[in-house]
Every structure is written in C-alpha cells, then in structure tokens.
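Structure at a glance
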Amino acid sequence: AAPTRVFAFRDARWAPDPVLAPSAAVRSPQPAPLVIDNGSFQTRAGWACPDPSVPAEPLLRFRSLAARSRGARGGAGAETQVGNDLGSPEPLRWLLRSPFDRNVPVQLELQELLFDHVFQRLGVSSQGCVDHPIVLTEAVCNPLYSRQMMSELLFECYQVPKVSYGVDSLYSFYHNRRQNWPCSGLVISSGYQCTHILPVLEGRLDAKNCKRINLGGCQAAVYLQRLLQLKYPGHFAAITLSRMEEILHEHSYIAQDYIEELQKWRCPEYYENNVHKMQLPFSNKLLGSTVASEEKQEKRQQQLRRLQELNARRREEKLQLDQERLDRLLYVQELLEDGQMDQFHKALVELNMDSAEELQSYINKLSLSVEQTKQKILQSEVNIEVDVVDSKPETPDLDPLGSEQSLEDVESINEFEPLFAEEQPEVEKPVAAVQPVFNLAEYHQLFLGTERIRAPEIVFQPSLIGEDQAGIAETMQYVLERYSKEQQAILVQNVFLTGGNTMYPGLKARIQKELLEMRPFQSSFQVGLASSPVLDAWYGARDWAVEYMNREEGWISRKDYEEKGGEYLKEHCASNVYVPIRLPKQAPRAAEAPSRASGTGNPGEQG
C-alpha cells in the first residue's frame, strides 16, 4: 500500500525581534563594522568582530517588508510595522511595501525604515549618528543612481564613518573558496527576484559578460498559486502566497529530465507513491445542517418568554420608582393642606419646584403613569396565560358519530384502504444527525503531483509562464562561449551555486546534466553548492570586513563621498566594477561668442 503523505501547513507567525544589548567588544577598542545583507526577500544583520564573545552569525533576520496602517478613527496616528513585527503577511498583503524593484532598492524612504529597524534592534546607542562602519550588499551591476541614493542616505542621514559595497553572491563565493583565493569560477546565483550568471576570473568579477534572468522564487510562488487556484477553485482564498512559498521550500524539487519526469507522473502507481497531500484548515461543523422546525419553534418560544420576563421586570421596577416619587409628592401636598407652610416651601425647594400648581401637575402626571404601568402589567400577565393555554395540544374528538356507523360503511372503507395507503405521505422519522456524504478532511486537501516540479522548472524554461527569456542552461552556454576554450575549461572547473532559490533537491544534478550536454566529449567540470546558500553571503561579508577592517581597500570614507559623489565605489574582491559617469564635454559659451562675431563680417571679405 502507498504511504499516506498528508502534510499540514504550518502557517507560522513571525516573532517580533527583541532589542539586543550589544557586547562591549563591539565598541572597544574601535567600533566594529555592521554587516547588512540587504536582500529583496530577507534582510540579515550582525556584527563583524573577531572577539569570540560576539556571535559570528546574523543576529537579525526579517523579511524586507513594511506596512503602514492608516490609524484608528479615534485619533491614533498611523503605525508602521517592519519585518517580523508584522506577525503574518497575509492579513496585510494589500498594505505591504518593499523598497525593491526586482533586486534594486528604489524606495529609499522604505529602505530608511529597514535601517531604522536594524539599528534600533541591534542596540546601536550612539546619539544622533551611527558611528559603526557599514558593509552592505547590492545588486550585480547596480545602477549608479541607486548607489548614489544609498550613499546619501547612509552618510547624510546616519552620519556613518565609512561604507563598503559588495555583491552578495560574490561574498558567498569568497566565503566558500577562501582557502584557494583568488580563484576563477562560474557563479550561478538564484534569489527571490533574479537569477545571475557571473564569471569570476582570478578573484575579480568580469562584469562585461554577466547575464541576468528576471526569474526567481517570487515568480515560482506566483505560478504555483495560479496552478493550484485553477485546480481547486473552491479553495481560492486559502491558497495564499505564504503557503505557496512553504510548498516550494519543503515539497518541490528539480527534475533531472523534465519530460521524462512528466511521463513518470502519468503512471497511477507512481502518482500514488509520490503525491503530497497538503491539508488545509477546516471545521467539522456542517454548514448545510438544518434544525428541525419544532426545535426552531421551541427556541422562538424561549426567546419570547425571556423578553416578556425582562419587560415585566422593567415595568415593575419603573412602577416602584414612580410610586415612591408619587408618595413623596403626596406627602408634600398634605403639608400644604395642614398649613405647615415653612416645611412645605422647604420641601418645594428640595424638589426644585416653584409653586403648588407645578406640584399638582407633577402629581397628576405620575398618577397617570402609575395607572398605565399597572394596566400594562395586568395585560402582560393575561397574555402569558393565554399563550400557555394555546400551547396545549388539541385533542380531536374521536368517533363523533358514536356506534351509529353501519357494517356496510365499515366494509366499504376497508375496500378503499389499500388505495389510500399508497397515496398517504410517510411520517418523517426524526434524524439524530446529518451525516456528510464525503470526507471533509479529504475535500480540504491539495494534491501536489506535477506541481512539485512545474513551479521550480521556470528557471530552466521561462516559456512555461510566457516569459521570452533564456533559461539557466542557455544563458550559461552563452556566457561560456564568450571566452576562449582555455578560459572555459578553467571556469567550468568551479561552477558554484548559491542563493535561496538553489536549495531545491536535484538542482545540482540538473546543472551537471546540462553541462555534460554542452561541454566537449570527455571534458571535466565540477559543480559545487554553497554550504549555506541563504546565509553564506552574510558570512562572506563578515569574513571580508574582519580581514579588511583596518585597511583602506574597499572602504568609501566620508571624504570620498563628498569629493567624488554618492555613486563612487571602491573596488575589492567581492564588489562590482566601478564605471564612472562620463558626460560629453560642452564648449563654453564665451568661446562661442567670438567665433559667431567673426562669422558676421563683410560679405566681400568672406568671399
């Protein structure tokens, strides 16, 4: 028998990040660099300090998202939540904002919110500034405008002493190949928004031959959501992006041969042995269950009795209060009739009345109100008695004719009895509980068959989702063909996979298969996967920061920023290539004026 593969969605909520107290080693003998892996999916931050008391791992990990609520109507201002403080992204999906367009930060006000969150939760205690050097990751071939705005934010808003920019995938390559550095290789980096093919020669990025595919984990999650929503339209709202990401992370894999794998899934036995059933949350209560009419009538009667009892109690309380006030007014009126004028006027002042006429008017009104309340109470008691009498079951008169029926009449009735018995409706039997005609748990299950391979396959075949782009294999072959055969042999000896979207089972074997098809016969190649594809970028940035902490290489100081502009970049082993802005020189207008004046002379002289 096939094993039952039923998995429940975790739907895990994010725990808010605590405010951490930094170690004393972070401040002395000099401020330690702060390493921020600014990814489009997740932000990771921590300290680069060689002291063993400081953890050599990211202390903060949160989604690069922010949501700003509009505020309550009672006057409370708008509240901004960042990262793990959101709890869960699904209830706020329409409010979520990201500073990234693809993998490039363009919304700097949202980026400032992420930085504020990092500095506050890491316990940066300096007043008015951040006096720690910053190591920040950026996109491959990052636009100069984006780097300019980021440098302006860090130097002008946070007053940081110096900044270093690097590429996340190159930091990961540096961390995993540090013993043999500098080395050459072909880095395949696949993240949340993009996939990059990066050739590295002698430890430096060859930016001219880099290629990008605009596909990543985000597009795979959206594609999987479409597939399942079309397959299960009854669970449209329950198929959320967060659950699709969970399926991709834990239940998807890369097929070594996509067409051959689809043929396997056509076999019923293979399907039963490999299908994953995702259990959606559901309630055992049947929505279609109906309550008998007698029970509904009984409930209505009970509610009516409660309302009648409540009204009767209120009337009695009102009658008692009115009677006490009427007795008080009558007592004051007796003082007037007995001639006790001093006490009468004193009582009028206490009652906030001006004259005996006003007192008499109040007495008349209260008397009328008391009489009306008594009548209502009597009427309600009569109604209750009538209801009780009417609720008794009526017993019909049996045999009204007595024994006056003749024997012929009885025999004639017996002749038609079978005819009447066929037409009489059957007496309804009491139903104890409505039994479901299907298994509710199975109805709320998502069967993952070929969806497990179709969603991650888009990085190899973008045409599956209608994208007019080349896949990883074609792009890799295109990049390799731009080099000589000797350089190609060097690059394929060190094919390095990194990024969160490379953690699918079977991806390494698929890359090896594609290389085997494109490389010459009996040629060798090596494919390696990062030790931690998600965190190695941060680990590599920390290794670089600790090694180059006291050097000038790779660091942009405030003086460099003020002299050379925000787009300036100091290159290092894991950075982009700096290409300065070259504007065409324009001739000064002062020099143009004499030439124009000399051109407007005597026409005869010009001839």
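Residues numbered from 1 in each chain as written. Predicted model: local features only at pLDDT ≥ 70, side-chain atom pairs only at ≥ 80, totals over all residues. Heavy atoms only, no water.

Here we come to helix α4 (residues 217–231). The terminal C-alpha atoms of α4, which comprises 15 residues, lie 21 Å apart, in line with the 21 Å expected from a rise of 1.5 Å per residue. For α4, the buried fraction is high: 11 of the 15 residues fall into the buried class. Every buried residue of α4 is accounted for by G217, C218, Q219, A220, A221, Y223, L224, Q225, L227, L228 and Q229. (Helix = DSSP H or I, 4+ residues; strand = E, 2+ residues; numbered from the N terminus. Expected span 1.5 Å × (residues − 1). Buried < 20%, exposed > 50% of the residue type's maximum accessible area, 1.4 Å probe, protein only.)

All chains considered together, the criterion is met by 22 salt bridges. A salt bridge links D85 to R121, with the shortest nitrogen-to-oxygen separation between them at 2.9 Å. Taken as a pair, D85 in the loop between β6 (80–82) and β7 (96–97) and R121 in helix α1 (residues 108–121) lie far apart in primary sequence, 36 residues in all. Each of the salt bridges in this network shares a partner with another, and the network as a whole consists of R178, R542, D543 and E547. (Salt bridge = Lys/Arg side-chain N within 4 Å of Asp/Glu carboxyl O.)

Right, let's talk about the sheet that holds strand β17 (residues 445–448) for a bit. A sheet is described by the order of its strands in space; here three strands give the open sequence β1-β16-β17, paired in mixed fashion. Edge positions in the open sheet fall to β1 (6–8) and β17, since each of these has one partner strand only. Averaged over all adjacent pairs, the angle separating strand axes in this sheet is 30°, with direction ignored. Across three bridges, β1 lies against strand β16 (residues 276–279) in parallel orientation. Each residue of the ladder has a partner; that of F7, found in β16, is M278. (Pairing = 2+ DSSP bridges. Axes fitted to C-alpha atoms, helices over the stretch in contact; angles between N-to-C directions.)

Membership of the largest hydrophobic core comes to 45 residues, with the highest contact counts inside it found for L228, I247, L446, M476, I511 and L515. At the level of elements, β12 (185–190), α4, α5 (241–251), β17, α14 (472–480), α15 (485–492), β18 (495–498) and α16 (507–518) are the ones that each hand at least two residues to this core. Of all the elements, α4 adds the most residues to this core, at six residues. Residues within four places of L446 in sequence aside, it is in contact with F9, L228, Y232, H235, I239, H276, K277, M278 and L280. (Core = buried A, V, L, I, M, F, W, Y, C linked by side-chain atoms within 4.5 Å. Contact = heavy atoms within 4.5 Å.)

Okay, the sheet that holds strand β2 (residues 34–38) next. Reading across the sheet, the six strands line up as β4-β3-β2-β10-β11-β20 and stay open at both edges, with mixed pairing between neighbours. The sheet terminates laterally at β4 (60–63) and β20 (556–557), the two strands that pair on one side only. Relative to β4, strand β3 (residues 42–47) is paired through four bridges, and the arrangement is antiparallel. Within the sheet, the bridge partner assigned to A45 lies in β4 and is L60. Helix α2 (residues 144–157) contacts β2, β10 (134–138), β11 (162–167) and β20 of the sheet and is inclined by roughly 145° relative to β11. With respect to the sheet, helix α3 (residues 168–176) is in contact with β2, β10 and β11, its orientation differing from that of β11 by roughly 85°.

By the secondary structure assignment, S146 is in helix α2. Polar side-chain contacts of S146 include one of 3.1 Å to the backbone oxygen of P105. (Polar contact = N/O pair within 3.5 Å; in protein donor to acceptor, adjacent residues only side chain to side chain.)

This next bit is on α15. Among all positions of α15, only Q488, L491 and V492 are buried. All buried residues of α15 lie within an arc of 90° about the axis, which places them on one face of the element. Turning to α15, the residues buried within the fold contact β12, β13 (195–201), α14, β18 and α16. (Arc of directions from axis to C-beta.)

Counting buried positions over the seven residues of β13 gives six, a clear majority of the element. Of the strand pairs in this sheet, β12 and β13 are connected by six bridges, and their pairing is antiparallel. Its bridge partner being in β13, I188 is matched across the sheet by I197. Hairpin connection from β12 to β13: four residues lie between these consecutive antiparallel strands.

All right, on to the packing of α1 against α2 then. Relative to each other, α1 and α2 sit at 50°, their axes nearing to 11 Å. What the angle tells us is that α1 and α2 run oblique. Remark: the crossing between α1 and α2 carries right-handed chirality. Contacts between α1 and α2 involve L108, Q111, E112 and F115 from the first element and M149, M150, L153, L154 and C157 from the second. Of the residues assigned to the contact of α1 with α2, the class counts are seven nonpolar, one polar and one charged. (Parallel < 35°, antiparallel > 145°, perpendicular 65-115°, else oblique. Left-handed = near helix turned anticlockwise from the far one by under 90°. Nonpolar A, V, L, I, M, F, W, Y, C, P; charged D, E, K, R; others polar.)

Attention shifts here to unusual backbone geometry. Cis geometry is adopted by the peptide bond preceding P29, which originates at S28 and carries an omega value of 0°. Looking at where P29 falls in the secondary structure, it is placed in the loop between β1 and β2. With an omega of 0°, the peptide bond running from W181 to P182 counts as cis. Residue position: P182 is located in the loop between α3 and β12. Its identity as a non-glycine residue notwithstanding, C141 has a phi of 50°, on the positive side. Here C141 is to be found in the loop between β10 and α2. With a phi close to 60°, N352 is a non-glycine residue in the positive phi region. Secondary-structure assignment places N352 in the loop between α9 (341–350) and α10 (356–390). N352 sits in the exposed class, given a relative accessible area of 67%.

With that settled, consider the packing of α14 against α16. For the pair α14 and α16, the least separation of the axes is 10 Å and the interaxial angle reads 45°. When the axis of α14 is compared with that of α16, the two are oblique. Both α14 and α16 take part in a crossing whose hand is right-handed. For the pair α14 and α16, the contacting residues are I472, A473, M476, Q477 and L480 in the first and I511, E514, L515 and M518 in the second.

These results come straight from atomic positions and should not be treated as a statement about function.
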